[in-house]
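As a plain string of letters, each chain reads:
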Amino acid sequence: MTKFLSAALLATLTAAPAFAAGSHGGDHHDEMAVGKPGEAARADREIAVTMKETDDGEMLFEPSSFSFAKGETVQFVITNAGELEHEFVLDTAERNVLHKELMAKMDMEHDDPNSVRLDPGAAGEIVWTFSNPGTFEFACLIPGHYEAGMHGPVAVLADGGGTFTAGTVKKVDAKSGKVTILHEELVDLDMPAMTMVFRVADDAMLDQLKAGEAIEFVAERIKGKLTVTALK
């Protein structure tokens, strides 16, 4: 890549205010396509994320995908359990590609509210509000790490105005894309409290569900099937 092209890519990443990552204050000017910085005191939930390597050379995030409702604020508690330095960056897939190309040409370290870089054994956090619906990406952009598997999708589902219902996960069937939930009354669907099997609007949701876990969810009828459309 020429110096001119590198400069052009850098300008593309920093020029537009709508995509700029600013201070940690979380005001309007900090908003990106993927959302904006949030406040820990107002987080809807906390999610533990682990970064590590495997013996066969693969590099992983656990969980490997996320799904959120539009407007949800999440406190990511991130731990580097590997033997190498790793980072966690939230952005669009397209912007991650541009960042990755720049980092392959120069030694860059992110210092933005949508990212954290950690030494082996270290921990950090990002508090983020997912204010826009769409499909985004989390990734490690250190050269070679993305290619080794360190990236995954973030699905942000549009707010359909549904009512969140409390429930307990009884079973997760990732192969069929279904989850069994013991739930309270589903007000929007005029259904009493019971245990039912639901489909999920996005398979990424299944990575966030574990048997025995208490959740809040929105359920809708999609093509005649009871479907979980939002989680928190």
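Everything numeric here is computed off the predicted structure, so don't read it as measured data.

1. Observations regarding the overall build of the protein
Working step 1: In terms of regular secondary structure, the protein is built from two helices and 15 strands.
Working step 2: In the protein, buried positions account for 45% of the 232 residues.
Working step 3: Within the protein, contacts between residues at least 6 apart in sequence are counted, and of these 66% link residues at least 24 apart.
Working step 4: As displayed, the protein has an accessible area near 11,600 Å², and 51% of this comes from carbon and sulfur atoms.

2. Regarding the nonpolar core
Generally speaking, nonpolar side chains in soluble globular proteins are found buried as a group.
Working step 1: Phe-66, Phe-76, Ile-78, Phe-88, Leu-90, Phe-130 and Val-154 are the most contacted members of the largest nonpolar core, which has 35 residues in total.
Working step 2: When near neighbours in sequence (up to four residues on either side) are disregarded, Phe-130 contacts Val-34, Phe-68, Ala-69, Lys-70, Gly-71, Glu-72, Val-74, Phe-76, Leu-90, Val-154 and Val-156.

3. A short note on the sheet that holds strand β11 (residues 165–173)
Working step 1: If you walk around this closed barrel you meet the five strands as β11-β12-β13-β15-β14, and the pairing is mixed. Along the sheet, successive strands turn relative to each other by an average axial angle of 55°, direction set aside.
Working step 2: As paired elements, strand β14 (residues 214–222) and strand β15 (residues 225–231) share six bridges and run antiparallel to each other. Across the sheet, Ala-219 pairs through a bridge with Val-228, a residue of β15.

4. Describing a negative patch on the surface
Working step 1: Among the surface-exposed residues, Asp-55, Asp-56, Glu-58 and Glu-83 lie close enough to one another that they form a single negatively charged patch.
Working step 2: If you trace the backbone, Asp-55 turns up in the loop between β2 (45–53) and β3 (59–62).

5. What to know about the pattern of salt bridges
Working step 1: Considering all chains together, one arrives at six salt bridges under this definition.
Working step 2: Residue Arg-45 pairs with Glu-72 through a salt bridge whose shortest N-O separation is 2.6 Å. In this pair, Arg-45 sits in strand β2 while Glu-72 sits in strand β5 (residues 72–80), placing the two residues 27 residues apart along the sequence.
Working step 3: The class for Arg-45 is buried, based on a relative accessible area of 16%.
Working step 4: Salt-bridge contacts for Glu-62 lead to Lys-52; the nearest nitrogen and oxygen are separated by 3.1 Å. Taken together, the residues Glu-62 in strand β3 and Lys-52 in strand β2 connect sequence positions 10 residues apart.
Working step 5: Look at Glu-62 and you get partly exposed, because its relative accessible area is 38%.

6. Some words on the packing of aromatic side chains
Working step 1: Following the criterion strictly, the structure yields 11 aromatic pairs and no others.
Working step 2: Measuring from ring centre to ring centre gives 4.6 Å for Phe-68 and Phe-130, while their planes differ by 20°; the resulting arrangement is stacked. Of this pair, Phe-68 sits in strand β4 (residues 66–69) while Phe-130 sits in strand β8 (residues 123–130), placing them 62 residues apart in sequence. For the pair Phe-68 and Phe-130, a shared accessibility class is recorded, and that class is buried.
Working step 3: Between Phe-76 and Phe-88, the ring centres sit 5.4 Å apart and the planes meet at 45°, which makes this aromatic pair tilted.

7. A few points about helix α2 (residues 93–105)
Working step 1: Across its 13 residues, α2 extends 19 Å between first and last C-alpha, which sits within 8% of the 18 Å expected from 1.5 Å per residue.
Working step 2: Within the sequence span of α2, burial applies to Arg-95, Asn-96, His-99, Lys-100, Leu-102 and Met-103. Seen end-on, α2 carries its buried residues on one side only, within an arc spanning 165°. Projecting away from the buried face of α2 at angles above 90 degrees are the exposed residues Glu-94, Ala-104 and Lys-105.

8. Describing the side chain of Thr-129
Working step 1: One can find Thr-129 in strand β8.
Working step 2: Side chain to side chain, Thr-129 and Thr-73 meet in a polar contact 2.7 Å long.
Working step 3: Setting aside anything within four residues of it in sequence, one finds Thr-129 in contact with Val-34, Gly-35, Lys-36, Pro-37, Gly-38, Gly-71, Glu-72 and Thr-73.

9. So, the environment of Thr-54
Working step 1: Along the chain, the position of Thr-54 falls in the loop between β2 and β3.
Working step 2: A sequence separation of 28 residues divides Thr-54 from Gly-82, and the C-alpha atoms of the two residues are 8.5 Å apart.

Parameters and conventions
- Residues numbered from 1 in each chain as written.
- Predicted model: local features only at pLDDT ≥ 70, side-chain atom pairs only at ≥ 80, totals over all residues.
- Heavy atoms only, no water.
- Helix = DSSP H or I, 4+ residues; strand = E, 2+ residues; numbered from the N terminus.
- Buried < 20%, exposed > 50% of the residue type's maximum accessible area, 1.4 Å probe, protein only.
- Contact = heavy atoms within 4.5 Å.
- Areas by Shrake-Rupley, 256 points an atom, 1.4 Å probe, with all protein chains shown as cover.
- Core = buried A, V, L, I, M, F, W, Y, C linked by side-chain atoms within 4.5 Å.
- Pairing = 2+ DSSP bridges.
- Axes fitted to C-alpha atoms, helices over the stretch in contact; angles between N-to-C directions.
- Patch = residues over 30% accessible without salt bridge, like charges linked within 9 Å, V, L, I, M, F, W, Y side chains within 5 Å.
- Salt bridge = Lys/Arg side-chain N within 4 Å of Asp/Glu carboxyl O.
- Lys, Arg positive; Asp, Glu negative; His and termini not counted.
- Charge placed at Lys NZ, Arg CZ, Asp CG, Glu CD.
- Phe/Tyr/Trp six-rings, centres within 6.5 Å; stacked < 30°, edge-to-face > 60°.
- Expected span 1.5 Å × (residues − 1).
- Arc of directions from axis to C-beta.
- Polar contact = N/O pair within 3.5 Å; in protein donor to acceptor, adjacent residues only side chain to side chain.

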